[in-house]
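Working through the structure, step by step
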Amino acid sequence: MNRKMSEDEFLACFDDAVNDGQIFVTYQPKINHSTGRMIGAEALMRWSHPEYGMQYPSDFIPVLEKHDLIYRADLSVFRSVCRFLRRCMDEGIKPVPISVNMSRYDIYRRNYVDEIEKLRCEYDIPINYIHVEITETSAIGGMELVSGVLDQLHEHRYTVEMDDFGSGYSSLNVLKDLAVDVIKLDMRFLSGNIGGRGGTIISAIVQMAKWLGTPVIAEGVETMEQADYMKSIGCKYVQGYLYSKPVTEDEFLQKLKQVEHEPVEQALDLLNAMDAGKFWDPSSMETLIFNNFVGGAVIFTYQKGKAEILKVNKKYLKEIGMNMLEQDILDSDPWAGMDDDNREKYEKALNKAIVTHDEVVCETWREVCSKTCGADRICVRSFIRLIGKTETQYLFYVMVQNITAEKKRTDELFESERRFRFASEQANIYAWEVDLATREMRPCFRCIRDLNVPPVVYNYPEPLIANGLFPPDYADMYRDWMKRLEQGEDNLEGIIPLTVGRIPFHVRYTLEYDENGKPLKAYGSATLVVK
Ligand code: C2E
Ligand code: CA
Ligand code: CA
């Protein structure tokens, strides 16, 4: 006769149930909805009574918890999971990580972690094959107790999943204070229309989890619509009836053989540079700084050439201009506005920031497009900094400046300079420019070809004094010219014999100034003195 057992019957039958294997485990796969591959499974307890049939956890677990028996059931589940994993490995079947539930009453037991650890060692199961799920409501019993257990589990390197996230009374605070490795977000707690308020909450949680660098698994996913929605907001891992109900050990073993599996991507390991998590707290100093003091800034993830923008501040919107909305930017493909050359340049800069851990500056052109203003091409100077990483994914913090106007000016200058160079080529003039701040000198093609000057001369004119282009008796005079140019003396000219052949050239300098009247560049030219 199949029927629900009473509290007394549960208690009376419990010993036998544990000893006779009436309590057993079913497995429910966790799937990457993007690839259809399995990433793990959850072990769920069942009690099959010989007379009354299948009993469900929602009925017997509260009874066992009330009578302080749950730890025995949980340990028996843990042992079954170890035995199953050992069986897989012995039969040459590659398993997936199995999550085992830990009751909040297990947390009160001082030795619980030691006991599961003993079992794991007894069956010789690698630590990455067993995850532990603790529920958010465990925190009700006191934060110190849970965080103590969490530390113990982490000491042994268990992956800890926060179960039933979203069900509790203070989810966000719990998340802030408990460094769990995975968040399980139960769709059933946030049911209703996912396009409405529930959807907004879910997407905020997923965003925040991204910030904390914690992968999210959506639980209780029953429909394709739910799974697609979760994927669209950045949560691709799902568990629920859509893919599979909990199945018996034998059925699960068949699934393991048939279905491909893959590991969960590791959480972002935030570098110390910045506590990105605090950016989600609207009252934190970090948010204040992000919005008000740092200029245009954007935070995005980057993985194998793919980028996804997580957050931009108000000044970013202003800097990029075009009356864009934050949502326009979050929804857009970050690469969409860049042509191949600019994208390559930008990705090179990202890679340099990855290698050096230093700020890398890069200027790129991109097309921006908004609903109100249409499209325009702008030049952006980016100050790129890596703030987090995993084996495959990187988190960047980038400050931006719109330098389109500045760029257009220098492009015009460059164009006139190019014309000048071309003219000098025709007119037998040797030309070059010296950046007075850096002392970098760039010669024209004729200097390179006829006078053996390298394409860039650093610390000008010292290398050319050393190689004899400027004879020693003119060296100090020429050094003095450089000082006078730096001080703003325009239109210097004179005859200088160049090279060992002491060929006389008429050398002239003109200056270019910045907006404050400070000399920036000196343009030199030399013509052969014809006797
Ligand atoms: P839970 O840890 O949140 O487990 C997920 C529950 O959701 C499971 O119920 C599962 O069968 C059910 N579920 C999965 N996908 C769907 C879906 O798409 N739609 C719906 N409506 N439900 C879905 P189950 O197996 O009845 O377990 C209920 C609860 O009992 C678990 O919730 C967990 O809190 C507890 N439990 C189960 N096994 C254990 C165990 O070994 N130890 C402890 N301490 N608690 C356990
Ligand atoms: Ca669970
Ligand atoms: Ca759950």
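For every chain, the first residue of the written sequence is number 1, and numbering continues from 1 along that sequence. Here every chain gets a letter starting at A, and every ligand a number starting at 1, in the order they are written. It should be noted that, the model being predicted, local features are given only for residues of pLDDT at least 70 and side-chain atom pairs only at 80 or more, the latter also being counted only at that level, while totals for whole chains, interfaces and linings use all residues. To obtain the side-chain values, all non-hydrogen atoms of the structure were included, while hydrogens and water were left out.

Distances up to 2.8 Å from the metal define which N, O and S atoms are donors, and 3.2 Å serves for Na, K and Ca; water is absent from the atom set, so sites may look incomplete. Protein-derived coordination of the calcium ion (ligand 3) comes from D163 (OD), D164 (OD), E219 (OE) and E219 (OE), at a distance range of 2.2 to 2.7 Å. The calcium ion (ligand 2) is placed at 3.9 Å from the calcium ion (ligand 3), the two being bridged by D163. Placement of the pair is D164 in strand β6 (residues 159–165) and E219 in strand β8 (residues 216–219), with a sequence separation of 55 residues. E219 sits in the buried class, given a relative accessible area of 6%. For helices the rule is a DSSP run of H or I covering at least 4 residues; for strands it is a run of E covering at least 2, with both sets numbered from the N terminus onward. Burial classes follow relative accessibility: with a 1.4 Å probe on protein chains only, a residue under 20% of its type's maximum area counts as buried, one over 50% as exposed, and anything between as partly exposed.

Side-chain atoms within 4.5 Å link the members of a nonpolar core, which is a set of buried Ala, Val, Leu, Ile, Met, Phe, Trp, Tyr and Cys residues. Among the nonpolar cores identified, the biggest contains 79 residues, and W47, V81, I98, M230 and F252 are the most heavily contacted of them. Considering every element that reaches this core, the biggest residue donor is helix α3 (residues 70–90), with eleven residues. In this description, contact between two residues means that some pair of their heavy atoms is separated by no more than 4.5 Å. Excluding residues that lie within four positions of it along the chain, V81 makes contacts with V25, Y27, A43, I98 and V100. Formed by 30 residues, the second largest nonpolar core is a distinct cluster that contains A431, V434, L451 and L511.

Turning our attention to the site of ligand 1. The cutoff for a nearby residue is simple: one of its non-hydrogen atoms must lie within 4 Å of the molecule or strand. Taken together, 21 residues lie around ligand 1, and R46, D74, R188, E222 and Y241 are the ones closest in. Here a polar contact is recorded for every N or O atom pair within 3.5 Å, except that within protein the pair must consist of a potential hydrogen donor and a potential acceptor, and residues adjacent in sequence are included only if both atoms are side-chain atoms. Contacts to ligand 1 include D163, whose side-chain N or O atom sits 3.0 Å from an oxygen atom. Side-chain polar atom of E222 to a nitrogen atom of ligand 1: 2.5 Å apart, as the coordinates give it. Accessibility throughout is a Shrake-Rupley quantity obtained with a 1.4 Å probe, and a residue counts as covered only by protein chains that appear here. When the free accessible area of ligand 1 is taken as 790 Å², the share hidden by the protein chains comes to 84%. Looking at the shell around ligand 1, the elements with two or more residues in it are β2 (37–49), α2 (57–66), α3 and β6. Tallying contributions element by element places β2 first for the shell around ligand 1, with four residues. Asp, Glu, Lys and Arg are counted as charged, while Ala, Val, Leu, Ile, Met, Phe, Trp, Tyr, Cys and Pro are counted as nonpolar; the rest, among them Gly, fall into the polar class. Classifying every residue of the shell around ligand 1 by side-chain character gives eight nonpolar, five polar and eight charged.

With respect to the element layout, H33 can be found in the loop between β1 (23–32) and β2. A polar side-chain atom of H33 sits 2.8 Å from a polar atom in the side chain of D228. Here H33 is in contact with M224, A227, D228, K231, K236, V238 and Y243, once residues within four sequence places are set aside.

On to the side chain of S76, then. Within the fold, S76 resides in helix α3. Excluding anything up to four places from it in sequence, S76 contacts V18 and I23.

Here the calcium ion (ligand 2) is held by the protein donor atoms E42 (OE), N101 (OD1), E133 (OE) and D163 (OD), which lie 2.1 to 2.3 Å from it. The motif formed by the donor residues of the calcium ion (ligand 2), counted along the single chain, is E-x58-N-x31-E-x29-D.

For this document, the term salt bridge refers to a Lys or Arg side-chain nitrogen within 4 Å of an Asp or Glu carboxyl oxygen. Following the criterion strictly, the structure yields 33 salt bridges and no others. Residue R381 pairs with E406 through a salt bridge whose shortest N-O separation is 2.8 Å. Note that R381 is positioned in strand β14 (residues 374–389) and E406 in helix α14 (residues 404–426), a separation of 25 residues in sequence. Owing to a relative accessible area of 17%, R381 belongs among the buried residues under this scheme. Its relative accessible area of 35% is what places E406 among the partly exposed residues. A salt bridge links E489 to R484; its shortest N-O distance comes to 2.8 Å. Relative accessible area serves as the criterion here: at 27%, R484 is assigned to the partly exposed category. Via salt bridges that share partners, K30, E42, E133, E161, K184 and E219 belong to a single interconnected network.

Turning to the packing of aromatic side chains, a few remarks are in order. Aromatic pairs are defined between Phe, Tyr and Trp rings, using the six-membered ring for Trp, whenever the two ring centres lie within 6.5 Å; interplanar angles under 30 degrees are classed as stacked, those over 60 as edge-to-face, and all others as tilted. All chains considered together, the criterion is met by 18 aromatic pairs. The structure contains a cluster of three or more aromatic residues connected by ring pairs, namely W432, Y460, F470, Y478, W481 and Y509. In this scheme, the term charge over a ring applies when either NZ of a lysine or CZ of an arginine sits within 6 Å of the ring centre and within 35 degrees of the ring normal. Between R109 and the ring centre of Y71, over which it is positioned, the NZ or CZ distance is 3.4 Å. It is R366 that lies over the ring of Y346; its NZ or CZ is 5.7 Å from the centre.

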